[in-house]
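This is what each chain is made of:
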Number of protein chains: 2
Amino acid sequence: MIRYLHLAGRLKEHIQMGHFAPGDKLPSVRQLAAEHGVSLSTVQEAYRVLEQEGLIEARARSGYFVAQLRERIARPAESQPPQRPMDVSLWEDVLDMLTGYGGETFCEFQYAMPIMTAPTLKPLLKSLYELNRHRAQDGMSYGNIQGDLGLREQLSRLAAGAGSHLEAGDFVVTSGCQEALSVCLRSVAENGDVIAVESPGFYGAMQAIKAANLKALEIPTDSVAGMSIEALKLALDQWPVKAILVTPTVNNPQGYVMPLAKKQALYQLAQEYDVAIIEDDIYGDIAFDYPRPKTIKSFDTDGRVLLCSSFSKSLAPGFRVGWIAPGRYRDKVLHIKYVSSSMCPTLPQLAIASFIRQGGYERHLRAMRVLYRKARDGMLKGIEACFPEGTRVSYPEGGFVLWVALPDRFDATRLAEQAKQQGIILAPGQMFSATGKYRNCLRFNYIDRDPDTRLAALKTLGNMMSANDT
Amino acid sequence: MIRYLHLAGRLKEHIQMGHFAPGDKLPSVRQLAAEHGVSLSTVQEAYRVLEQEGLIEARARSGYFVAQLRERIARPAESQPPQRPMDVSLWEDVLDMLTGYGGETFCEFQYAMPIMTAPTLKPLLKSLYELNRHRAQDGMSYGNIQGDLGLREQLSRLAAGAGSHLEAGDFVVTSGCQEALSVCLRSVAENGDVIAVESPGFYGAMQAIKAANLKALEIPTDSVAGMSIEALKLALDQWPVKAILVTPTVNNPQGYVMPLAKKQALYQLAQEYDVAIIEDDIYGDIAFDYPRPKTIKSFDTDGRVLLCSSFSKSLAPGFRVGWIAPGRYRDKVLHIKYVSSSMCPTLPQLAIASFIRQGGYERHLRAMRVLYRKARDGMLKGIEACFPEGTRVSYPEGGFVLWVALPDRFDATRLAEQAKQQGIILAPGQMFSATGKYRNCLRFNYIDRDPDTRLAALKTLGNMMSANDT
């Protein structure tokens, strides 16, 4: 490998491992050249690469520093949802978003799909088509009811990296994380039961609550630290909550990572009130921090945490490979999973298992973390430049979506209607609540199309809002 | 093509189209030779082929006749399940069967998987492999929430063959028929509602009833004509039934095809009492009759029939491509389908759509009908030869499973335990009821391994039963 790229790679690792923290000054060019026995220009080239990736920044006459996210725009305040269990509505909004827009589009900010053109995915695709060629018979039979054993062994390895000791037998493979969430809800709760959720929270989980005839109790949620433990405690005192459903590690839609101590506190509260926790970890592996943040499941000593995840955000949603680590609810989960869709297709499981085993998954995650972080930074700058005074925004610590709260006078649904005329597709915020809150909010992905297109789209949106304002 | 094979093929078509009925005398060799302008030996060879396939039989000094199933063993009498709604149990039995037997097996009679080594499946596998190679990007994205439009267009064509005019927009693609049934149950019924089912009936549907917190009301069912309309009417008078769930065309486990007039009567009764019908048509395309029998859905004028099916029995279960034609329940079905597992993988849908479009599906079905019918006939003979006096058996009109009722003194679960020691795996009958009836019954597939192995396994079972009897 070319020497400066090699050096850049090593420095990047150090930064990602946290050896240099955001804001830290990096060694001088001269110092680094001496340390690594390379020329000054090699170091300069390496720094230039890292600067382009947005990992470091040069300050005039001071040298290079690890980039820190400058929060020029305020974050959304802690949410204040209605403090009582509610029936979930808003399915029409979700359906409208899912069925997509038939016409030509300019920029699609509405979805939450990962980058799927990355060269690091190629070995996986190759393995999948070769399995289809040479092991077609395995693809035609029913597979193991719990999922392919080889995949579950790899899931066990991945879980270790998130702080949990789980055996292959502790997993149930599902058709994506949506099935995982749905099965878990039906396994821990019955008709009319109450589920505590983040607010805003993932619409797919909200709709699964609706479909299972359960009620959602939205808990005040902070855009930095997640669900309020104090508010949750009050809610548990007041209502017969059956389970807490949270996405604490790279939240959808806000992107925060709940601090570890708070994850532990949430677990302890669940113990105290004897309720289950359904932990949606679908974005956990694409947190920007490496090693990745630990799960709530990592504190689980009595099996009350049902960990749900999938490869839909870390690899691609089309594989439909998700899983549950259901703890003490294993028997019920296996039953509901079986009646929901029987076994999962075998070949995607085999392909992903071998991709993980051969290191391809780790390599892909490394590449994606860099891409997503850089895209986030660009998006934040774009929003800062184009959106009206008083806009608030979440600062994701992973993944590829963020949450925008416009000043209260704006109606996101109306803006989305207007934007659609220009081919800009938006995800209005109200479907991220049970009952149509967040009418001034939107979720944006920051990876559709290229940065220039995104910026142009943000400008168009900004102009629309100015025009509405006058 | 060799001349006698060509002639055999034409004769077979005539038989399958019903131009010659079972028991009909076929034209003499001389007559046929003259009609077709071929030699006597060509006709003799053609007849020999059909005889080997079990479609016709030679009678000494009388000539050739279309084979008819001789019912040497009595059929099971109409069932007499408890006439009240029950909670479904027996999940442990189902799970035990689904997780399979770890050791070496001699013959596996327990499952209901089609023949998947047929050469007529090859074009489908090739297309799937090529799609994985050349259209990998389509495989990675979320697909259409209702399923691939191209596939739904083909489903519309297939539905026409079963007597229904359905547009592409009338279908929702699911992850197999199990998801279809589960989604439909949840779409038409709520906590505690009653579902009328056949008895015996498919365990996967029974377990979906359990998982949705519904109750099963087993209706007396005849092994020739299906669910008793009289008994159903009495049940509808007495209980607040929300839906009737039936597999009227090639029933699982009994294999009967409900007569068309009775299908219509069932539909009219559902209208009269304003209940939904969930029609499981998963085996419909592999009925031995061609053209295939019409569905209950074909009578549906007010959208109360939710037709469920999949390619799991006609092609292979591993593709996990099923569908619902939900009629008036479309909105609810789409919601529950979405929360259950989000979208279905695209590439298997594309592959199957092109397989149907290019005629491969019809070709495969033709080949399978012949194979399955021949296998059924062999199995019936084997059971007649090996099983104890007083055994009753169903005479399937399609598919690859049949139902055996041993004399009452036999315990099928105990027999299954014993048989397992010899590597013969059985499906005890009790899981085909809500509450453990049919303890003397078993479901057998008649296509695992080869005919000689099956016969040897039946002999072993027969000997076991004789030994138990003494």
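Residue positions within a chain follow its written sequence, with the count starting from 1. Written order decides the labels, with chains lettered from A and ligands numbered from 1. At least 70 in pLDDT is required for a residue's local features to be given in this predicted model, at least 80 for side-chain atom pairs to be given and counted, and no such filter applies to totals for whole chains, interfaces and linings, which use all residues. Hydrogen atoms and water are omitted, and side-chain values are computed over all heavy atoms in the structure.

## A few points about empty space enclosed by the protein
And step 1. Both site types are read off a 1 Å grid over the protein atoms alone. A 1.4 Å probe that fits but cannot get out defines a cavity, while an open set with protein on both sides within 12 Å along at least five of seven lines defines a pocket; lining residues have an atom within 4 Å of a point. Grid points are joined across faces, edges and corners, and a volume is the space filled by probe spheres set on the points. If you walk through the whole model with that rule in mind, you get 8 cavities of 30 Å³ or more.
And step 2. The volume enclosed by the largest cavity comes to roughly 380 Å³.
And step 3. Every residue lining the largest cavity is counted, 25 residues in all, and those nearest its centre are A:Asn132, A:Pro348, B:Asn132, B:Pro345 and B:Pro348.
And step 4. In this description a helix means any DSSP run of H or I spanning at least four residues, a strand means any run of E spanning at least two, and both kinds are numbered starting from the N terminus. Elements supplying a minimum of two residues to the lining of the largest cavity: α5 (122-134), α6 (136-140) and α13 (346-357) of chain A together with α5 (122-134), α6 (136-140) and α13 (346-357) of chain B.
And step 5. Here the nonpolar group is Ala, Val, Leu, Ile, Met, Phe, Trp, Tyr, Cys and Pro; Asp, Glu, Lys and Arg are the charged ones; every other residue, Gly included, is treated as polar. Of the residues contributing to the lining of the largest cavity, the split by class is 16 nonpolar, 8 polar and 1 charged.
And step 6. Computed from the structure, the second largest cavity encloses a volume of approximately 150 Å³.
And step 7. Lining the second largest cavity are 18 residues; nearest its centre among them are B:Leu158, B:Asp281, B:Asp285, B:Arg292 and B:Trp323.
And step 8. At the level of secondary structure, the elements contributing two or more residues to the lining of the second largest cavity comprise α7 (149-161) and β10 (305-310) of chain B.
And step 9. Tallied by class, the residues present in the lining of the second largest cavity amount to 9 nonpolar, 6 polar and 3 charged.

## As for the sheet that holds strand β5 (residues 194-199) of chain A
Residues and elements named next belong to chain A.
And step 1. Here we have 8 strands laid out as an open sheet, ordered β4-β11-β10-β9-β8-β5-β6-β7, and mixed in their pairing. Both edges of this open sheet fall to β4 (172-174) and β7 (226-227), since each of them pairs with a single strand only.
And step 2. The criterion for strand pairing is that DSSP finds at least two bridges linking the strands in question. Here β4 pairs with strand β11 (residues 322-325) via 3 bridges, running antiparallel. Bridge pairing in β11 links Thr174 to Gly322.
And step 3. Strand contacts of helix α12 (residues 330-341): β4, β10 (305-310) and β11, with the helix running at about 30 degrees to β4, the strand carrying the most contacts. For this analysis, residues touch if any pair of their heavy atoms sits within 4.5 Å. Fitted lines through C-alpha atoms give the axes, limited to the stretch in contact for helices. The angle between two N-to-C directions lies from 0 to 180 degrees.

## What about the pattern of salt bridges?
Residue and element names in this part refer to chain A.
And step 1. Just to be clear on terms, a salt bridge is a Lys or Arg side-chain nitrogen sitting within 4 Å of an Asp or Glu carboxyl oxygen. For the structure shown, the criterion picks out 41 salt bridges over all chains.
And step 2. Here Arg328 makes a salt bridge to Asp302, at a shortest N to O gap of 3.7 Å. On the criterion of sequence distance, the pair formed by Arg328 in the loop between β11 and α12 and Asp302 in the loop between β9 (276-280) and β10 is long-range, its members being 26 residues apart.
And step 3. Since its relative accessible area comes to 44%, Arg328 is described here as partly exposed.
And step 4. Whether a residue is buried, partly exposed or exposed follows from its accessible area with a 1.4 Å probe, protein chains only, as a fraction of its type maximum: under 20%, in between, or over 50%, in that order. For Asp302, a relative accessible area of 24% gives the class partly exposed.
And step 5. Measuring nitrogen to oxygen at the nearest pair gives 3.9 Å for the salt bridge that ties Arg369 to Glu362.

## So, the interface of chain B and chain A
And step 1. Across the boundary between the two partners, chain B contributes 55 residues, which contact 55 residues of chain A.
And step 2. Summing both sides of the interface, chain B and chain A together bury roughly 4600 Å²; the carbon and sulfur share of this comes to 63%.
And step 3. The interface formed by chain B and chain A includes 0 salt bridges.
And step 4. Identification of polar contacts relies on pairs of N or O atoms within 3.5 Å, with a donor-acceptor requirement for protein atoms, meaning one able to donate a hydrogen and the other able to accept it, and with residues adjacent in sequence counted only if both atoms are side-chain atoms. Counting every contact that joins chain B to chain A gives 17 residue pairs in polar contact (both at pLDDT 80 or more).
And step 5. When contributions to the side of chain B that touches chain A are tallied by element, the ones reaching two or more residues are α4 (91-99), α5, α6, α8 (176-188), α9 (203-211) and α12 (330-341) of chain B.
And step 6. If one sorts the elements of the side of chain B that touches chain A by residue count, α12(B) sits on top with 8 residues. Summed over both partners, the accessible surface that disappears when two parts come together, traced with a 1.4 Å probe, is what is meant by buried area.

## Section: α8(B)
And step 1. Take the number of residues in a helix, subtract one, and multiply by 1.5 Å to get its expected span. Under the 1.5 Å per step criterion, the end-to-end length of α8(B) is 19 Å for 13 residues, consistent within 8% with the ideal 18 Å.
And step 2. Taking burial as the measure, the 13 residues of α8(B) include 13 buried ones, the bulk of the element.

## A closer look at the domain arrangement of chain A
And step 1. For the purposes of this description, domain bounds are those given by an automatic or database domain assignment. Segmenting chain A into domains produces domain 1 (3-66), domain 2 (91-116 + 362-469) and domain 3 (121-359).
And step 2. Distance between the C-alpha centres of domain 1 of chain A and domain 3 of chain A: 37 Å.

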